[in-house]
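Structure assessment
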Amino acid sequence: MLQTNILFLDETNNDRSIMAEAYFNRGLNNAVRAFSAGFAPAERLDRYVFDVLRENGIAPEDYCPKPVDIFLQAYSPRIDLVVGFEPASGAYKRPIFPCNPPATYLNVLASYDREQLPGHRRRAVRETYADLRLAIDRAIATGLLPGSMAA
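Let us look at the structure shown here. These figures come from a predicted structure and were not determined experimentally.

**Some thoughts on the side chain of N5**
- Note on placement: N5 falls in strand β1 (residues 4–10).
- For N5, a relative accessible area of 5% translates into the label buried.
- For N5, the side chain forms a polar contact with the side chain of Q3, separated by 2.7 Å.
- Among all residues touching N5, those that are not within four sequence positions of it are R33, F35, P77, R78, I79, D80 and L81.

Encoded structure:
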């Protein structure tokens, strides 16, 4: 049986997509694997994303922002499903992947769009992570995403 590979994709791969990858893979089995990438990836993992991953029992050292281009190479894992996020800026277009995988979207507001007052970044990242967990769990329960947890 082939492994199913999911790619969570957003602009900087330093917020929703990288936290979605980390959450999805927390109960990793060999049948489904998540990856993440960005159109214009940040240089390093956001310190608040780092902290929120650690608070939730995920090793943040295992994650860094990556460009989507690495998943377009011949040596890259085959991507079976691309998951984007709404709302999105619309500034980037999804590239054409080998095997032309289907795409779906999760409606989760980015942490940068939740900040209303300076100094509230950590709370915004925590809220985004909580919303991602709910959105991913619902998507798995409804069959929009394949389950990553062993039964």
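**Some thoughts on the pattern of salt bridges**
- This model, assessed by the stated rule, comprises seven salt bridges.
- Notably, a salt bridge pairs R126 with E55, separated by 2.7 Å at the nearest N-O pair. Placement of R126 in helix α3 (residues 121–141) and of E55 in helix α2 (residues 47–55) is noted, with a sequence separation of 71 residues between them.
- Given a relative accessible area of 40%, R126 falls into the partly exposed group.
- Look at E55 and you get partly exposed, because its relative accessible area is 43%.
- R78 is the salt-bridge partner of D80, the closest N and O atoms lying 2.5 Å from each other.
- We classify D80 as partly exposed; its relative accessible area is 23%.

**Topic: the pairing of strand β4 (residues 103–107)**
- Of the two faces of β4, the one holding T104 and L106 is buried and the one holding A103, Y105 and N107 is not buried anywhere.
- When strand β3 (residues 81–86) meets β4, the two strands line up parallel, connected through five bridges. Counted as the bridge partner of F85 is L106 from β4.

**As for α2**
- For α2, the full list of buried residues reads Y48, V49, V52 and L53. Down the axis of α2, the smallest arc covering the buried residues is 135°, so these residues share one side.
- Contacts from the buried residues of α2 go to α1 (16–24) and α3.
- You can read the cap of α2 off the contacts: a side-chain oxygen lies 2.7 Å from the backbone nitrogen of Y48, and it is on D46.
- Count one or two residues on from α2 and you reach G57, which has phi positive near 75°.

**With respect to the packing of α2 against α3**
- At their nearest, the axes of α2 and α3 sit 9 Å apart, and the two run at 50° to each other. Here α2 is positioned oblique relative to α3, judged by the angle of their axes. Seen from above, α2 lies across α3 with right-handed handedness. Mapping the contact onto sequence places Y48, V49, D51, V52, L53 and E55 in α2 and R121, R122, V125, R126 and Y129 in α3.
- Residue composition of the contact of α2 with α3, by class: six nonpolar, no polar and five charged.

Basis of the calculations
Residues numbered from 1 in each chain as written. Predicted model: local features only at pLDDT ≥ 70, side-chain atom pairs only at ≥ 80, totals over all residues. Heavy atoms only, no water. Helix = DSSP H or I, 4+ residues; strand = E, 2+ residues; numbered from the N terminus. Buried < 20%, exposed > 50% of the residue type's maximum accessible area, 1.4 Å probe, protein only. Polar contact = N/O pair within 3.5 Å; in protein donor to acceptor, adjacent residues only side chain to side chain. Contact = heavy atoms within 4.5 Å. Salt bridge = Lys/Arg side-chain N within 4 Å of Asp/Glu carboxyl O. Pairing = 2+ DSSP bridges. Arc of directions from axis to C-beta. Axes fitted to C-alpha atoms, helices over the stretch in contact; angles between N-to-C directions. Parallel < 35°, antiparallel > 145°, perpendicular 65-115°, else oblique. Left-handed = near helix turned anticlockwise from the far one by under 90°. Nonpolar A, V, L, I, M, F, W, Y, C, P; charged D, E, K, R; others polar.

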